[in-house]
Amino acid sequence: MRHRVRALAISALAISLAAAGCSKTTNSDNKGEGADSNKKAIVVDKEGKTPVPAPEVEGARKGGQLLILQDGDFEHLSPQQIYVGDAINYGTGLFHRTLTAYKEPVKQGDAIEVVGDLATNAGVTTDGGKTWKFTLRDGIKFEDGSPITAKDVVFGLGLSYGKFGVQGPQYLQAAADPKREYQGPTVDKGKPVPGVKAEGDKTVVITLEKPEQAVPYWLTYPISTPVQESKFNNEKYETEFQSSGPYKIKEYKRDSHLILDRNPNWDPKTDPIRHQYPDTVKFDFSVNRQNQTQRVMASTGEDAAAIAVSDVAQENLATVAADPELEKRVIQGATPYANYINMNYDRIKDVDVRRALVFMYDKSAAIKNAGGNKVAVPSTTLMAPVVPGYKKYDAYPMGESGDVAKAKQLMTGKKVEKLTYCFVNTTNGQKAAAIVKASFERDNVFQVALKPIDRKDYYTTIGKKGNDCDLVGSGWGQDWPDGESTLGVLFDGTLIKDEGNNNYSYFNEPSINAELKKLREMTDREAAAKAYGELDEKIMKEFVPVIPTTYTRHYSLIGTKVGGAFLSPLYSQVNVTRIFVKA
Amino acid sequence: MLRYLIKRSLIAVITLLMISITTFWLFFAGSANPAAQMCGAKACDAAKIERINKSLGLKDPIHEQYGRFMSGIFTGREIGEGADAIKCPAPCLGVSFRTSEPVLDIIERGLPVSASIAVGSAVISVLLGVSLGIASALKRGGWLDKFSIGFALTGASLQIFFLGLLLQMVLVYQLKIWDRPRYVPPSEDFLGWLSGMSLPWVTLGVLSAATYARFARAEMLEILSEDFVRTARAKGLTPRAVNIKHALRASLSSIVTIFGLQLGGLLGGAAITETTFDMPGIGKLAVKAVGDDNLPIVMATVLLAAFFVVLFNVIVDAMYAVIDPRVKLS
Amino acid sequence: MADQNPYLQVKDLRVQFKTEDGVVKAVDGVSFAVERGKTLGIVGESGSGKSVTSLSIMGLHNRKRAAMTGEILVDGRNILNLPEEKLREVRGQQVSMIFQDPLSALHPFYTIGHQIVEAHQVHHKVSKKESRKRAIEMLDRVGIPQPAKRADQYPHEFSGGMRQRAMIAMSLVNNPNLIIADEPTTALDVTVQAQILDLLLDLQREFNSAIIMITHDLGVISQIADDVLVMYGGRAVETGTVESVMRRPQHPYTWGLLSSVPSLHGDANEDLVPIKGNPPSLINLPSGCAFNPRCRYAMLGDGRPCDLEIPQLLQVQERGHSVACHLPEQERVQTYQQDIAHSGVAQ
Ligand SMILES: Nc1ncnc2c1ncn2[C@@H]1O[C@H](COP(=O)(O)OP(=O)(O)O)[C@@H](O)[C@H]1O
Ligand code: SF4
Ligand SMILES: [Mg+2]
């Protein structure tokens, strides 16, 4: 998903670029933050064994108001438009149910589970992934009491193809309708939704041209949130939608606040994930990062039951970290975001030169620039620690500021032309560029020319095959918890097109391509996860297309009365499905 | 008078037109790329950009987009195509690129916040600044005068974001003796509105009072040396009558000018104030819109800000005519 | 002039202003007196201290800023010692002032009527209506047609002459005993000027007030004044009756002034002959006689007095006529008769 980036907020994550994308991670030294290689990496509940209702949370009580302090309104809460992490986390956690959903681990490092949400299980395929069948649970209702039927799910999915889903994720739509001809049910009235079909009231069938193992994951996005056609109003859609989850909108004042109260028509017996402990949930959209930190630190009055959506403000990081009482209330840990410096595989051909560059980079400077080791830690792998199958390894051991001697050794007898580092011409981009130049030019091992690119043209430029950037910074966060959504996107040479690439190193190794293809097609994702971890290490050991720089960490505060909070490893937010307000 | 109004309105419309064209042009000439912003860095292929651009109407030539925007203001328009079209009645400022919400609704939400800040702080700054300036002019060289000069200098060099953040940090979060800045509509909770607005009011009010104080002092000193003030004293009037009825009255037109400029320009300053105090007003909206490349909102806020400047210029002119019998509106 | 209890007596008045550039000795030991029904003309180039003198009489200087010594006795009371509240009773009531430029001296935002009513109300506990009646009466008296209508107009709606008439009406609304007119006609054209002066004389006769007529124009003096005080560099250099000072002036500066005035009866095309050079700086007066740098007759060098000693204002043979000049009286009389009276040129 996308990570929310605010224009004015001083992004602590300077290395990744100011535009969208990704910027968050884990500490290889922080125990328990990465997935434990001995445990299962991911669990896909094909049989529907996840218990309903979700087991009660220990110590939880009903009542109270949960307050969520946020800097600005959600861009979208209309389900099919949602793609930003905060909206997915709070939207699906509180009012938008989906066909499938993640049951995130309360304990960091435990496996993420893909389960049936509105559906009884995570989806059944009998033909290796071309056809997927989802059966709806009994007793699921919209907030107005009308039952949720397969037709409503199909209508919702249909919306995601057209204007009302244009800003949402497009994986399913692209797989089902590669030519993207279908414009959604409001325009292409009466036409079937490509690849999506209701069979009776209870069954939704997805049919694709090619097998896709990621379908159960894709449907966790609220593109699969049901929408009643009869109630759909294209002018009010953004603010007036029916809830299917434990809370419903009581009052929504755009840019100001959103108040949710209990949805009486949500039945816990149909829901394997969510609870309904607080009486109300209130979002205050006018609290910037500094004030969120201040208020939750003080934790007085209603703020005692508050969640700060933003990370702890940079100026308060040291104070919070130093105060054990406060640190107890910190929700922190690994995120899906990893940052790299891509080395153009066609332009820097010598693997030892690429290795030398890895040794030259000063990760400690990057971390300092990002705001310290609470929000960024040095990375050594391609996949972030929360990616299932993450394998902790360090192919190039060195100090945090690199190893110039090793680099020199690798470079003996080699001569490299001046390297061009391309960066987005923003304050953060410039800072990152300064670190790159200073790092690589140590002892004159390399010469770096800095090439600023206008914000407007940045991704077009670096995404164009054959561009003249030798080095370019980028960040990445998976769109679903699977190596496919990291390695499969960033390092599959067969995906390289003339424009719009995400593989900014233009890494293209037939052996790796073949391996990735094999892994993509594996029906057993739990097994695939492990293999991705191995592949990650292989790529770094043998080919080194990128310099792993940092993993972004999450570090935010909750109030003294907030119970049941834990870090969502997928969205880098406080998971609210088990949340309650202490007495 | 009527002719004056017609003339001024015409000039205002032309001014706003020029500003709208410039803004539109600058937006596209600059580094804006709304589709890429919405698309994010990933999975953002040409096809997706294309779809977003199409949904935003950004594929048409600039002058057509501009024409659509402008005609929407006067005649309303339909946004989007076919069944997905949204009716946007005049004055239509378009819909937000990001949220598809009509910009007018967004502006309507922010305006009371900005207006609250502007009016409240203006009252404080005028009352405080003008009385301080006058008092110090009358007691020139006295301790009050010295204080007021110091105040004017400090006030002019302090920035709202600095002082605002400092006061919030100390008064609200550390000492907890001042209410947290927030906006609630006065119609819903009048006292809450007062207490929520009080810190921005006082901060902004005191800071801009410095400008008024400096200005009122200089103006009063000048007026006090005018012949007609001497005449008033020669008549045997009390100092009070001389200072207030004669001197202050004469300095009103310049004070009103500053007041008008300040109020008219307040939307410009609102960006910083509202960001500092986290107030969901027009200023904060504008800052976010610029960062998001959200053209309709950028246009609307720029035009609104310009509109207020123009409006207050007219008001100031009209006030002149009320204050100064020599001025005829023509 | 001054014998018994003149209405105004100024004795050895000195007014100094401290400024950043130095001390301005604006008035430096000036004495004079005016009786009711009489007119004293004060004449001198601009910057000679005339206005400062007149404002002193009204007590209008800021006491913090202006150092004043000497005595100003208005009806026996020393203005320089009066507290501010008592001063206000004097101002506008016993002594009133007519300023040079009525456009700037009248408040632009209030109607003429309002301003006259205000002047009346300060000193009379009567209704606004009554004050207004009185104001209109005064406007009528000074020759403003349709006074009731004009009372509701603003100063900028009046012509220059009418404005000065209105100013005079305002000054006289309380029947003051002493009127100080500081260059009241300077801003007006010649015909209007004559009318205004006639009006003042009329009113003086009617109210028996004393008038101080300040001007740099000796023509005005000869038309209206009984006595004359000639000021130069903050000092009185010649004083006496109009007859004696105008006909038999003895100070070279007065000669210069006289010859720079086009004769009221003479050829209108006759060139003005101004006095060469500039008036002195009051911060740094020339030593000795302040006029010496411009004086054709100055006796300088070799221990001669004009740049060494300040000449005293001394009584000459003619009664009530005093002159401050080092030239022997005999020589002054002769020089004037032989060289200047006929040619009309002093230099
Ligand atoms: N308030 C004041 N402060 C300083 N200097 C003054 C002040 N008022 C008058 N003067 C100076 O005193 C001198 C005499 O001025 P004034 O009496 O106005 O001359 P005039 O004879 O033209 O009326 C001038 O040099 C003037 O600059
Ligand atoms: S004293 Fe000397 S300088 Fe002064 S006027 Fe007489 S002759 Fe001239
Ligand atoms: Mg004068």
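Along each chain, residue indices are assigned from 1 in the same order as the chain's sequence is written. Key to labels: chains lettered from A, ligands numbered from 1, both in the order written. It should be noted that, the model being predicted, local features are given only for residues of pLDDT at least 70 and side-chain atom pairs only at 80 or more, the latter also being counted only at that level, while totals for whole chains, interfaces and linings use all residues. Side-chain numbers here rest on the full set of heavy atoms in the structure, without hydrogens or water.

Here we come to the overall build of chain C. Across its full length, chain C carries 12 helices and 12 strands. Its C-alpha atoms put chain C at 70 × 50 × 40 Å along the principal axes. In this analysis, two residues are considered to be in contact whenever any of their non-hydrogen atoms come within 4.5 Å of each other. Of the contacts formed within chain C by residues at least 6 apart in sequence, a portion of 65% connects residues at least 24 apart. We get accessible surface area from the Shrake-Rupley algorithm with a probe of 1.4 Å; when it comes to residues, only the shown protein chains can shield them. Surface summary for chain C: the accessible area is close to 15600 Å², and the carbon and sulfur share equals 47%. Between the centroid of the 35 positive side chains of chain C and the centroid of its 40 negative side chains there is a distance of 7 Å. Strands are runs of DSSP state E lasting at least 2 residues, helices are runs of H or I lasting at least 4, and numbering of each runs from the N terminus. Charge convention: Lys and Arg are scored as positive, Asp and Glu as negative, and His as well as the terminal groups of each chain are ignored. To locate a charge, the coordinates of NZ of Lys, CZ of Arg, CG of Asp or CD of Glu are taken.

All names here are of chain C. Taken together, 13 residues surround ligand 1, and among them Gly47, Gly49, Lys50, Ser51 and Val52 come closest. In the analysis that follows, any N or O atom pair within 3.5 Å is treated as a polar contact, provided that within protein one partner can donate a hydrogen and the other can accept it, and provided that, for residues neighboring in sequence, both atoms belong to side chains. Between an oxygen atom of ligand 1 and a main-chain N or O atom of serine 48, the distance comes to 3.1 Å. Here an oxygen atom of ligand 1 sits 2.8 Å away from a polar atom, N or O, in the main chain of valine 52. Coverage of ligand 1 by the protein amounts to 63% of the 560 Å² it exposes when considered alone. The set of elements that each furnish at least two residues to the shell around ligand 1 consists of strand E1 (8–19), strand E2 (22–34) and helix H1 (50–58). Note on residue classes: Ala, Val, Leu, Ile, Met, Phe, Trp, Tyr, Cys and Pro are nonpolar, Asp, Glu, Lys and Arg are charged, and everything else, Gly too, is polar. Here the residues of the shell around ligand 1 are counted per class, giving 5 nonpolar, 6 polar and 2 charged. Definition of nearness: a residue and a molecule or strand are near each other if at least one heavy atom of the residue lies within 4 Å of the molecule or strand.

The next subject is the nonpolar core. Each nonpolar core is a collection of buried residues, namely Ala, Val, Leu, Ile, Met, Phe, Trp, Tyr and Cys, held together in the definition by side-chain atoms within 4.5 Å. Buried, partly exposed and exposed residues are distinguished by accessible area as a fraction of the type maximum, computed with a 1.4 Å probe on protein chains only: under 20%, between the cut-offs, and over 50%, respectively. Of all hydrophobic cores here, the largest spans 105 residues; its most connected members are Leu8(C), Phe32(C), Ile57(C) and Ile212(C). The greatest single-element share of this core, amounting to 7 residues, is contributed by helix H8 (residues 190–207) of chain C. Those domain boundaries reflect an automatic or database domain assignment. Both of domain 1 (1–94 + 177–347) and domain 2 (104–175) of chain C provide at least three residues apiece to this core. Setting aside its immediate chain neighbours within four residues, Ile57(C) contacts Leu8(C), Phe32(C), Ile72(C), Val74(C), Ile79(C), Val95(C), Leu178(C), Ile180(C) and Ile212(C). Tyr161(A), Ala175(A), Ala176(A) and Ile331(A) belong to the second largest nonpolar core, which has 72 residues in total.

A few words on the arrangement of the chains. The interface with the most contacts, out of 2 pairs of chains in contact, is the one formed by chains A and B. If you take every C-alpha in chain A and every C-alpha in chain C, the smallest gap between them is 48 Å, and the two do not touch.

The next point concerns the state of the cysteines. Residue and element names in this part refer to chain A. The criterion for a disulfide is a pair of cysteine sulfur atoms lying within 2.5 Å. Scanning the entire structure with this criterion turns up 2 disulfides over all chains. With its sulfur 2.0 Å from that of its partner, cysteine 422 forms a disulfide with cysteine 469. On the S-S bond that ties cysteine 422 to cysteine 469, the torsion sits near -95°, and the link is left-handed. On the criterion of sequence distance, the pair formed by cysteine 422 in strand E14 (residues 419–424) and cysteine 469 in the loop between helix H12 (458–462) and strand E16 (471–477) is long-range, its members being 47 residues apart.

Moving on, we come to the pairing of E2(C). Residue and element names in this part refer to chain C. Here, any two strands with at least 2 DSSP bridges between them count as paired. Here E1 pairs with E2 via 10 bridges, running antiparallel. In the strand pairing of E2, glutamine 16 is matched with lysine 25. The turn linking E1 back onto E2 is made up of 2 residues.

Quick look at the interface of chain C and chain B now. In this assembly, 25 residues from chain C lie in contact with 21 residues from chain B. Summed over both partners, the accessible area (1.4 Å probe) lost when two parts come together is defined as the buried area. Between chain C and chain B, roughly 2300 Å² of surface is buried when both sides are summed, and carbon and sulfur atoms account for 59% of that area. Contact with chain B buries area across many residues of chain C, yet Arg88(C), Phe109(C) and Glu118(C) alone supply 27% of it, more than any other trio. Salt bridges are defined as contacts in which a side-chain nitrogen from Lys or Arg sits within 4 Å of a carboxyl oxygen from Asp or Glu. Taken together, the links from chain C to chain B amount to 2 salt bridges. Between Lys235(B) and Glu118(C) there is a salt bridge; the shortest N-O distance is 2.9 Å. On the surface where chain C and chain B come into contact, there are 13 residue pairs in polar contact (both at pLDDT 80 or more). Put simply, the parts of the chain that give the side of chain C that touches chain B at least two residues each are H1, helix H3 (102–105), helix H4 (112–123) and helix H7 (160–172) of chain C.

Residues and elements named next belong to chain C. Within the open sheet, the 8 strands sit side by side as E6-E7-E8-E3-E9-E10-E12-E11. Their pairing is mixed. Because the sheet does not close on itself, it has two edges, and the strands there are strand E6 (95–98) and strand E11 (314–315). Its contacts with the sheet place H8 against strand E3 (39–43), E6 and strand E8 (210–215), and it is angled at close to 160° to E8. In this analysis an axis means a line fitted to C-alpha atoms, helices contributing only their contacting stretch, and an angle means the value between N-to-C directions, from 0 to 180 degrees.

This part covers the side chain of Arg332(C). Along the chain, the position of Arg332(C) falls in helix H12 (residues 329–343). Residue contacts for Arg332(C): discarding those within four places in its chain leaves Gln250(C), Trp255(C), Val316(C), Val323(C), Cys325(C) and Leu327(C).

Every residue lining ligand 2 is accounted for by His251(C), Pro252(C), Cys289(C), Phe291(C), Asn292(C), Cys295(C), Tyr297(C), Ala298(C), Cys306(C), Cys325(C), His326(C) and Leu327(C). Here the residues of the shell around ligand 2 sort into 9 nonpolar, 3 polar and no charged.

How big an interface is tends to be expressed through the accessible area that disappears when the partners come together. The partner chain B presents 50 residues to the 52 residues of chain A that form the contact. With both chains or domains summed, chain A and chain B bury close to 4300 Å², and 49% of this area falls on carbon and sulfur atoms. It is Lys163(A), Arg455(A) and Lys456(A) that lose the most area in chain A upon contact with chain B, and together they represent 15% of the buried surface on that side. Applying the counting rule to chain A against chain B returns 3 salt bridges. The salt bridge involving Asp71(A) is made with Lys284(B); its shortest N-O contact spans 3.7 Å. Scanning the region where chain A abuts chain B turns up 6 residue pairs in polar contact (both at pLDDT 80 or more). The set of elements that each furnish at least two residues to the side of chain A that touches chain B consists of helix H5 (289–298) and E16 of chain A.

Applying the stated criterion to the full structure yields 63 salt bridges over all chains. Two residues, Asp303(A) and Arg295(A), come together in a salt bridge whose shortest N-O distance is 2.9 Å. Relative accessible area serves as the criterion here: at 2%, Arg295(A) is assigned to the buried category. Between Asp28(C) and Arg14(C) there is a salt bridge whose closest N-O contact spans 2.8 Å. Here Asp28(C), found in strand E2, pairs with Arg14(C), found in strand E1; they are 14 residues apart in sequence, far enough to count as distant. On the basis of relative accessible area, Asp28(C) is assigned to the buried category, the value being 14%. Given a relative accessible area of 31%, Arg14(C) falls into the partly exposed group. If you follow the salt bridges from partner to partner, you end up with Asp284(A), Arg295(A), Glu302(A), Asp303(A) and Arg180(B) in one network.

Like-charged residues within 9 Å of one another, or nonpolar side chains (Val, Leu, Ile, Met, Phe, Trp, Tyr) within 5 Å, are grouped into patches, provided each residue has over 30% relative accessible area and no salt bridge. On the surface, a cluster of positive charge is made up of Lys139(B), Arg140(B), Lys64(C) and Arg65(C). Mapped onto the elements, Lys139(B) comes out in the loop between helix H5 (103–138) and helix H6 (143–157).

This part is about the packing of helix H11 (residues 282–292) of chain B against helix H12 (residues 295–323) of chain B. All names here are of chain B. Two elements in contact, H11 and H12, have axes separated by 9 Å at closest approach and are oriented at 140°. By the angle class used here, H11 and H12 are oblique. The chirality of how H11 crosses H12 is left-handed. Across from Ile282, Leu285, Ala286, Ala289 and Val290 in H11, the residues of H12 making contact are Ile297, Val298, Thr301 and Leu304. Just so you know how the angles are binned, under 35 degrees is roughly parallel, over 145 roughly antiparallel, 65 to 115 roughly perpendicular, and the rest oblique. In this scheme the crossing of two helices becomes right-handed for a clockwise turn of the near helix relative to the far one and left-handed for an anticlockwise turn of less than a right angle.

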